[in-house]
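# Structure at a glance
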Amino acid sequence: MNAMTRRVVIGTAAVSMALSLAACGQAGGGDTAGDQGDGKTIGLLLPENKTTRYETFDRPIIEAKIKELCDDCEVKYNNAAQDTETQKKQFDALVTQGVKVIILDAVDYKATKSWVEQAEKKGVKVVAYDRLAEGPIAAYVSYDNEKIGRLQGQGLVKALGDKAKEAEVVMINGSPTDPNAPLFKKGAHSVLDKEVAKIVYEQDIPDWSPDEASKKMGAAIDSLGKDGFDGVYSANDGMAGGIITALSKQGIKVPVGGQDAELAGLQRILKGDQSFTIYKQIRPEAETTAEIAVALLKGEKWEHLTPTKVTSLTGEFKDIPAKLFDAQIVTKDNIADTIVLDKVYTAADICTAEYKAACDAAGIK
């Protein structure tokens, strides 16, 4: 099964599960005093399934950790498939059912303010996961996203090598509704604006869409010409795949970076089509979030898990308890020492027949 097929399968499964859970939610939606309000249920709302990490890693790790810490707890899960209105309905249904702790990875961070405010009035605690939602959030667990942007910038500069100072670069940024996207962009700019000659074309991509990224890359080629740029910053691996498709159609080979250490991205790196990705250890992020959620549910102490304070992107909500994890650049030289060593993917996952020779050359066994 190739990566695209896998994404479709994962997406289809997520949509069917979301529909079945939504139906369950509707059936019990009017019973605020029923068994859903018994202090044993945690809501988990993830934003989309185009990025393979959410269904492959985040969800199962969070669910497993919650079960480990509270064997009689139930997780009510839904994926919004990148639709804000769908996520609002999912969130409201959990509140109506009496769920007191919700882990929320927002589709559109600005849209969540009124949801979280209404939930707080009903005694519901919201843990912002991966993306900092607006509102009176109880805790936030993610990465130092501006630093990740700096790592992306550094990865591209290194890939450009001796040509970096004279290089002209295309920037394909993430979704405007994702609060992490402007932080990635800011971090990347802080490096690229100093280390390369010029950013010659820049676009934000709604929904992190690989297809839209591919179209914008095509537009950049039309505008700049085949020799009008020397490298491409891509805010994530999914879009990097679309960008590389557009470049390949025109016979263009330049450094392209990404983020998320997706399987398809790692395979492109081994093949030489993509220069690097950013590896964010999802397990500690997901497990810490689960620990906080269970502690909130049980009324136990959890403050030691959030040593940092952050302010929401609008500046309205300050001193939000937070834990921000680090990340690192991954190239073909260190896939074995990071991704494979941490068992994110096995050598067998990565080294299918098409990539066997590249894996051997990179020492992945």
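If you're wondering where the values come from, they're calculated on a predicted model, not measured in any experiment.

## What to know about the packing of helix H3 (residues 84-96) against helix H4 (residues 113-121)
Interaxial distance between H3 and H4 falls to 11 Å at its minimum, and their mutual angle equals 0°. In this view, H3 runs roughly parallel relative to H4, as classed from their interaxial angle. Note on element contacts: H4 touches H3 through Trp 115, Val 116 and Ala 119, opposite Thr 84, Gln 87, Lys 88, Phe 91 and Val 95. Classifying every residue of the contact of H3 with H4 by side-chain character gives five nonpolar, two polar and one charged.

## A few points about unusual backbone geometry
Within the chain, Asp 130 stands out as a residue other than glycine whose phi angle is a positive 70°. One can find Asp 130 in the loop between strand S4 (125-129) and strand S5 (139-143). The buried category is assigned to Asp 130, whose relative accessible area is 4%. With a phi close to 60°, Lys 343 is a non-glycine residue in the positive phi region. Within the element layout of this structure, Lys 343 appears in the loop between helix H11 (336-340) and helix H12 (347-350). The exposure class of Lys 343 is exposed, given its relative accessible area of 71%.

## As for the state of the cysteines
All chains considered together, the criterion is met by two disulfides. Disulfide pairing places Cys 70 opposite Cys 73 at an S-S distance of 2.0 Å. A torsion of 75° about the S-S bond marks the disulfide between Cys 70 and Cys 73 as right-handed. Through a disulfide, Cys 351 is tied to Cys 359; the S-S separation comes to 2.1 Å. Disulfide Cys 351-Cys 359: torsion about the S-S bond near -95°, hence left-handed. By relative accessible area, Cys 359 is classed as buried at 1%. In the chain, numbering the disulfide-bonded cysteines from first to last in sequence yields the connectivity 1-2, 3-4.

Parameters at a glance
Residues numbered from 1 in each chain as written. Predicted model: local features only at pLDDT ≥ 70, side-chain atom pairs only at ≥ 80, totals over all residues. Heavy atoms only, no water. Axes fitted to C-alpha atoms, helices over the stretch in contact; angles between N-to-C directions. Helix = DSSP H or I, 4+ residues; strand = E, 2+ residues; numbered from the N terminus. Parallel < 35°, antiparallel > 145°, perpendicular 65-115°, else oblique. Contact = heavy atoms within 4.5 Å. Nonpolar A, V, L, I, M, F, W, Y, C, P; charged D, E, K, R; others polar. Buried < 20%, exposed > 50% of the residue type's maximum accessible area, 1.4 Å probe, protein only. Disulfide = S-S within 2.5 Å.

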